[in-house]
Amino acid sequence: MGNASQGANRAVSEAASASRSPVVRMLARAGFVFIGLVHILIGVIALQLARGQGGEADQSGAIGTLAAKPGGGILLWAGAVACGALALWMLSEAFYGARSGTESKKKVKEAATAVGKAVVFGFLAFTFAVFASGGSKNSSQSASDFTAKLMGAPAGMVLVVAVGLAIAGAGIFYAYRGVSRKFMKDLQDPGSARTAVEWLGTVGYTAKGVVLAVVGILIIVAAATADPSKSSGLDGGLKTLGSQPYGVFLLAAIAAGLICYGVYSMARGRYGKF
């Protein structure tokens, strides 16, 4: 039994070490570039919405736009590999963070954060792969379907509210990181680009935080009204902002902020701590 446990631990350790190889590190950096590209495209589509044009301002809409371009399939497969490598890197961060000598509460928090990021990046890699394979996804419909399934589960309404609160909380956290500029801890010294990167991150994190908070509120509204269609993901959140008084200006500002977040993510690919 002890030998089996030691063998399993050794295998996990070796896998974690492999996920931190120079090749994976390079691909993980490229993952942030693709994340940046997706956010820039979401921002551009949101600007189109502010001008009264159509579009799906979320990951599916952005990746679908890439898929329609010449050579889009190759680009999408590259995005799938890069974001997959970034997910692996974050899992290794969780593994080594859990084994570090820091205090236990801090270890658990850092490991949980890394795992959460790995899930997000892994889902993005999956979305890239779906479109690269010729498939498609409607994120708004997927969000509504997921909410409907949760509502049908035991204590479903409680679960839906919990998910909404978690996403709204993530939005508040993003906005806090933007205003406090704590995101700079994720970077090496950008040198002469520091001021530009700080402003891009501040505006970008704050804008993304606002959108996530709105998405979380919409999920809670869906639970309160027992109407899953009100949970419509990022696209629905942006369109809800646009439908408010002076919403055109608000949506345009948020769209610009998401573009800033995209450029910051690309800078993180260059200056991030790996």
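Keep in mind the model is a prediction, meaning the values are calculated, not measured.

A separate point is the pattern of salt bridges. Tallied over the entire structure, the rule returns five salt bridges. Where R181 meets E198, a salt bridge forms, and the shortest distance between an N and an O atom there is 3.1 Å. Of the two residues, R181 is situated in the loop between α7 (156-180) and α8 (194-225) and E198 in helix α8; the sequence distance between them amounts to 17 residues. Between R194 and E198 there is a salt bridge, with the nearest N and O atoms lying 3.6 Å from each other. On the criterion of helical spacing, the pair formed by R194 and E198 is a turn pair, its members being four residues apart in helix α8. Three or more residues joined by partner-sharing salt bridges are found here, namely R177, D186 and R268.

Once that is clear, we can look at the packing of aromatic side chains. Tallied over the entire structure, the rule returns twelve aromatic pairs. Judged by centre distance (5.8 Å) and plane angle (80°), the ring pair of F34 and F128 falls under edge-to-face. Residue F34 is found in helix α2 (residues 22-50), and its partner F128 is found in helix α5 (residues 104-132); the two are separated by 94 residues along the sequence. A relative accessible area of 0% places F128 in the buried class. With a centroid separation of 5.2 Å and 75° between ring planes, the pair formed by Y205 and Y261 is classed as edge-to-face. Here Y205 is found in helix α8, whereas its partner Y261 is found in helix α10 (residues 247-271), with 56 residues between them in sequence.

With 89% of its residues at a pLDDT of 70 or more, the protein chain has an overall mean of 86. Within the protein chain, α10 carries the highest mean pLDDT (95), whereas helix α1 (residues 2-18) carries the lowest (52).

Before going further, it helps to spend a moment on α2. Two residues of an α-helix separated by three or four positions point the same way, owing to the 3.6 residues in each turn. In this model α2 runs 43 Å from its N-terminal to its C-terminal C-alpha over 29 residues, within 8% of the 42 Å that 1.5 Å per residue would give. One or two positions beyond α2, positive phi appears at G52, with a value near 90°.

Turning to the environment of L187, a few remarks are in order. You can see L187 is positioned in the loop between α7 and α8. It is 4.3 Å that separates the C-alpha atoms of L187 and G272, two residues lying 85 residues apart in sequence. If sequence neighbours within four positions are ignored, L187 has contacts with V197, Y264, R268, Y271, G272 and K273.

The rules we used
- Residues numbered from 1 in each chain as written.
- Predicted model: local features only at pLDDT ≥ 70, side-chain atom pairs only at ≥ 80, totals over all residues.
- Heavy atoms only, no water.
- Salt bridge = Lys/Arg side-chain N within 4 Å of Asp/Glu carboxyl O.
- Helix = DSSP H or I, 4+ residues; strand = E, 2+ residues; numbered from the N terminus.
- Phe/Tyr/Trp six-rings, centres within 6.5 Å; stacked < 30°, edge-to-face > 60°.
- Buried < 20%, exposed > 50% of the residue type's maximum accessible area, 1.4 Å probe, protein only.
- pLDDT = per-residue confidence, 0-100.
- Expected span 1.5 Å × (residues − 1).
- Contact = heavy atoms within 4.5 Å.

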